[in-house]
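Commentary on secondary and tertiary structure
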Amino acid sequence: MSALGRVVRAGVRRRRTQSIAIGMAALVATASSVLGGSLLVASQEPFDQAFAAQTGAHLTARFDGTRATAAQLADSAHAPGVTASAGPFATVTVDPEPGPGTAVPPGDTMEPMTIAGRADAAGGIDNVTLLKGSWPSRPGEVVLAAGYGSPLREVGQTLRVPGLPGAPTLIVVGFARSVSRTADAWVTPDGIAALTAPGTTPGYEMLYRFADAGTTGAMAADRAAVDAAVPAGALTGAQSWLTTKQGTNRNTALFLPFLVSFGLLGMVMSVLVAGNVVAGAVGTATRRIGVLKALGCTPAQVVRAYVGQALIPAAVGILLGVVAGNLLTVPVLSTAAQIYGTVTSGISPWLDAAVAGGTLAAVALVAWAAAARAGRLRTVDALAVGRTAGTTRRDATAARASALAARLPLPRPIGLGLAQPFARPARAAGMLAAVVFGTTAAVFAVGMGGSMAWVQAAKNHDTADVAVVPARPTGLGAGAGAGDVPAKPIAADPAAVTAALNGQPGTAGYYGTGTGDAKVPGVAGTTTVFAFTGDSSRAGYRMVTGHWFQGPGEAVAPSTFLTEAAAEVGDSVTFQYHGRAVTVRIVGEVFDPHMQTNELLTDAGSFPAGTAPRPDTWAIYVKPGTDPAAYATALGGALAPLGLTAQAGQQHGSSDVIAALNSLTATLTLLLVLVAGLGVFNTVVLEIRERVRDMGVAKALGMTPRQTVGMVLASVLLVGVVGGAIGLPAGLALHGLTLPAMGHSAGLDFPAAATDVFGTPTLVLLALGGVLIAVLGALLPAVRAARARTVTALRAE
């Protein structure tokens, strides 16, 4: 081994604390960068990546089983433009409920479920990804789609279908994700028979891929080709992959600014901390550099030696950081997949290599810059600087700060600690930057959590005491295709429902909601019109601008519809509903976090007499002192002849997307605060190492261990206060910029109330976050310094 190699190895071994500090900083920097980079990579067109990986279906077509046979549908694979197909798969649509022995939160129900009979997950097209459990192997077993809104979350739970003879029970054996969203659940092909109502015929599903499927026009032509290839009237519905992609990409666009903010914050902060540690470690070795020069080492050799001393522990930390980052990335990317609604993105080897190489280069650059300054010193100057560093060398600012601290009515050790940052302002600035970034991340995380809670409350706006909905059908009914698409319940006579509500003791107020599809000039596709009757002001929608409609002729709409219609609050909009033109004036913009673009909410009186959609749901508020459960029971009996049922309370769970975002926020924030604390920890370790002899003298003069801890903690107190004061407004600004960007990316407008989620007590606690980060980061070095023996400290260099 060369002399230079021995110097590097001896330096790493001798300065174990600094080597460990450099390694830890590199580890956290690399892990944070791998995680942040993986999130950014995962956010780049996740649907396209998942669609290609699963060989997704360009068109998912549903057919009436009474109008076409399986053989006829299989022949449709030869339709013009078709390049591949899968199916036909038998399908039914049922109304399930949680099965016996399944523990679910009170009030949780299940939506209508489309079930496909499929032998295995891989079918050439739409190769379903199994997330948990196994594929069904016999009748009575079912796999649920991850995107289906079910309260069931674990393998082994059950669901039953009460509308079928014998109320068959299905055991959940797995959960899967279909990027094409071809079904809500899958059973074995022979399991469809038990789920088909007597007198009905199951429907069929075919999956197609086409040579040209990149535009809406091309998909319309592809659908027409399939329709022409099957018996007339057999095609009952078709879903284009472009529609699914649009919804997923809007989810991606919504959360991309959030991921970019956290990713960049983590990368910049990690490099800052790693650089600060390396610069400090090399800086404390100035005297030893002078010794090496005196022994004949050239400036270039000295620089290489100390760059090597920094790179060895950094390289170890980087390798461990890559491993730790990937281990952390797997569950976090699984959470991100919930946000994107696609399959989990894999780990990118090229990203690992780029992060490892970039971090190592950053450490080498910082170490070279720090060592080069000392390498340029004359030998005698390096020896002098090294011996006096941190002891007798004080500039005028540090002297004034020390004198001022001595006059404060504080214990002398505390005063000495408060003046310490002024002795090494560059090092204090590095520690301050770490605290600022850590506080900023914490404020940003709290703000995002508050905003997402506001969004969840806006989504769960309906807080009525009792809800009236159509009764669950006792069967799926006979007729063509009844096993595939159940008919929409016939809305009850509004006058009869109103009479029952007015006659029920305890009724304080109510409103009904009906929906219908309308056409708005200039708006692609159909627009869903919500027609309200009664006191709809209690519906609880959050307004962005304007106000809720107050009578016929007025309407409110979300920002997505206003953008499509090129309308603003105050403009009039005309829509066509069943051949009649209806004109309403937009009086407010409502916040709607759902991904439905074309929605218009208005009073039922806006329609010509007798043409408004009949209400099919009702929300009732009861008088104070009235038991909602007893009220719902009594009202249900009165409404049963009308085909309606009453349910007490509106149970709202947390959105999976919002829950995933909150989990992701907590993970990233914890990591960034750890990085900030590590920056403080490393700086304090260097300070103590540099001033170990001073502390030995102070101990010899009577300083107690408690006073030593107080002095060290006081040395970071001012940095924590200033860092918190800077990080608080920085975090507020970052939150104020990111949240609107998230909304604009998805075509949503967030009102001021969604951003203004910080109360005064919260702001005070967040302002103290900088002090907490600084104190916690310095606590362990302070305790170690207090426990050091006086004689050992006095013998230190």
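How each quantity is defined
Residues numbered from 1 in each chain as written. Predicted model: local features only at pLDDT ≥ 70, side-chain atom pairs only at ≥ 80, totals over all residues. Heavy atoms only, no water. Helix = DSSP H or I, 4+ residues; strand = E, 2+ residues; numbered from the N terminus. Buried < 20%, exposed > 50% of the residue type's maximum accessible area, 1.4 Å probe, protein only. Contact = heavy atoms within 4.5 Å. Areas by Shrake-Rupley, 256 points an atom, 1.4 Å probe, with all protein chains shown as cover. Phe/Tyr/Trp six-rings, centres within 6.5 Å; stacked < 30°, edge-to-face > 60°. Lys NZ or Arg CZ within 6 Å of the ring centre and 35° of its normal. Pairing = 2+ DSSP bridges. Salt bridge = Lys/Arg side-chain N within 4 Å of Asp/Glu carboxyl O. pLDDT = per-residue confidence, 0-100. Core = buried A, V, L, I, M, F, W, Y, C linked by side-chain atoms within 4.5 Å. Expected span 1.5 Å × (residues − 1). Arc of directions from axis to C-beta. Polar contact = N/O pair within 3.5 Å; in protein donor to acceptor, adjacent residues only side chain to side chain. Patch = residues over 30% accessible without salt bridge, like charges linked within 9 Å, V, L, I, M, F, W, Y side chains within 5 Å. Axes fitted to C-alpha atoms, helices over the stretch in contact; angles between N-to-C directions. Left-handed = near helix turned anticlockwise from the far one by under 90°. Nonpolar A, V, L, I, M, F, W, Y, C, P; charged D, E, K, R; others polar.

Across its full length, the chain holds 23 helices and 21 strands. Taking all 797 residues of the chain together, 51% fall into the buried category. Intrachain contacts of the chain at a sequence separation of at least 6 include 83% that bridge at least 24 residues. Counting only carbon and sulfur atoms, one obtains 61% of the accessible surface of the chain, whose full area is about 33400 Å².

This paragraph deals with the environment of Val 469. With respect to the helices, strands and loops of the structure, Val 469 is situated in strand β12 (residues 466–470). On the basis of relative accessibility, which here comes to 21%, the residue Val 469 falls in the partly exposed class. Along the chain, Val 469 and Thr 617 lie 148 residues apart, while their C-alpha atoms are 4.8 Å from each other.

Bringing the packing of aromatic side chains into the picture now. Applying the stated rule across the entire model yields 13 aromatic pairs. Ring centres of Tyr 541 and Trp 548 lie 5.3 Å apart, and the angle between their planes is 15 degrees; this geometry places the pair in the stacked category. Ring-pair connections join several aromatic residues into one group, and the members of that group are Tyr 511, Phe 532, Tyr 541, Trp 548 and Phe 549. Residue placement shows Arg 538 over the ring face of Tyr 621; its charged tip is 3.9 Å from the ring centre.

Attention shifts here to the pairing of strand β20 (residues 617–622). Counting buried residues in β20 gives five out of six residues, a clear majority hidden from the surface. Bridge count for β12 against β20 is three bridges, and the pairing is antiparallel. Bridge pairing links Val 468 to Trp 618 in β20.

With that settled, the discussion passes to the pattern of salt bridges. Pairing is possible between side chains of opposite charge, provided their charged atoms come close. One pass over the full model with this rule turns up six salt bridges. Taking the shortest distance from any N to any O, the salt bridge between Arg 62 and Glu 205 comes out at 3.1 Å. Taken together, the residues Arg 62 in strand β1 (residues 59–63) and Glu 205 in strand β10 (residues 203–210) connect sequence positions 143 residues apart. Like Glu 205, Arg 62 is buried. Across the pair Glu 154 and Lys 132 runs a salt bridge, and its minimum N-O distance is 3.8 Å.

Turning our eyes to something else, we now look at the confidence of the model for the chain. Here the chain shows a mean pLDDT of 76. Residues at 70 or above account for 73%. Per-element mean pLDDT across the chain ranges from 56 in helix α10 (residues 379–388) up to 92 in strand β16 (residues 554–557). The low-confidence segment residues 473–488 (pLDDT under 50) makes 36 contacts with residues lying over four places distant or belonging to another chain.

Another aspect to go through is the nonpolar core. Residues Phe 63, Ile 115, Leu 144, Trp 186 and Tyr 208 are the most contacted members of the largest nonpolar core, which totals 53 residues. If you tally residues by element for this core, the top one is strand β8 (residues 169–177), at five residues.

Here we come to unusual backbone geometry. Excluding glycine, a negative phi dihedral is what most residues carry, and trans is how most peptide bonds are arranged. Omega for the bond connecting Gly 87 with Pro 88 falls within 30 degrees of zero, at 5 degrees, which places this linkage in the cis form. Mapped onto the elements of the fold, Pro 88 is located in strand β2 (residues 82–94). Of note, the phi angle at Thr 55 is positive, near 50 degrees, even though the residue is not glycine. Here Thr 55 is to be found in the loop between α3 (46–54) and β1. At Asp 126, a position not held by glycine, the phi torsion is positive, near 55 degrees. Relative to the assigned elements, Asp 126 resides in the loop between β4 (113–117) and β5 (129–133). For Asp 126, a relative accessible area of 0% gives the class buried.

Within the element layout of this structure, Pro 151 appears in the loop between β6 (141–145) and β7 (158–160). By relative accessible area, which is 15% here, Pro 151 ends up buried. Taking the C-alpha atoms as reference points, Pro 151 and Glu 97, separated by 54 residues in sequence, lie 9.4 Å from one another.

Before going further, it helps to examine helix α16 (residues 628–639). Under the 1.5 Å per step criterion, the end-to-end length of α16 is 16 Å for twelve residues, consistent within 8% with the ideal 16 Å. Buried residues of α16: Tyr 631, Ala 632, Leu 635, Gly 636 and Leu 639, and no others. The buried residues of α16 occupy one face: seen down the axis, they fall within an arc of 130 degrees. Relative to its buried face, α16 has exposed residues pointing more than 90 degrees away, namely Thr 633 and Gly 637. At its buried positions, α16 is contacted by β12, α14 (494–503), β13 (507–518), β20 and β21 (644–648).

All right, on to the side chain of His 58 then. Of note, His 58 is situated in the loop between α3 and β1. Relative accessible area serves as the criterion here: at 8%, His 58 is assigned to the buried category. Here His 58 is in contact with Phe 51, Tyr 208, Arg 209, Phe 210, Ala 213, Met 219, Gln 239, Ser 240 and Trp 241, once residues within four sequence places are set aside.

Since its relative accessible area comes to 1%, Glu 205 is described here as buried. A polar side-chain atom of Glu 205 sits 3.1 Å from a polar atom in the side chain of Arg 62. Residues contacting Glu 205, with those up to four places away along its chain left out, are Thr 60, Ala 61, Arg 62, Ala 86, Gly 87, Pro 88, Phe 89, Thr 91, Ala 116 and Thr 182.

Within the secondary structure, Lys 245 is located in helix α6 (residues 241–283). Residues Lys 245 and Phe 47 lie 198 residues apart in sequence; the distance between their C-alpha atoms is 6.4 Å. Ignoring any residue separated from it by four or fewer positions in sequence, one finds Lys 245 in contact with Phe 47 and Asp 48.

Take a nonpolar patch on the surface next. A cluster of nonpolar side chains, Phe 422, Leu 717, Leu 718, Val 721, Val 722 and Ile 726, forms an exposed patch at the surface whose accessible area comes to about 430 Å². Tallying contributions element by element places helix α19 (residues 705–745) first for the nonpolar patch, with five residues. Position of Val 722 among the secondary structure elements: in helix α19.

Packed helices, taken two at a time, are described by the angle their axes make and the gap between the axes. Between α14 and α16, the shortest axis-to-axis distance is 10 Å and the interhelical angle comes to 145 degrees. With respect to the hand of their crossing, α14 and α16 are arranged in right-handed fashion. Between α14, through Val 497, Ala 500 and Leu 501, and α16, the contact on the second element is made entirely by Tyr 631, Leu 635 and Leu 639. Each residue belonging to the contact of α14 with α16 can be placed in one class, and the counts come to six nonpolar, no polar and no charged.

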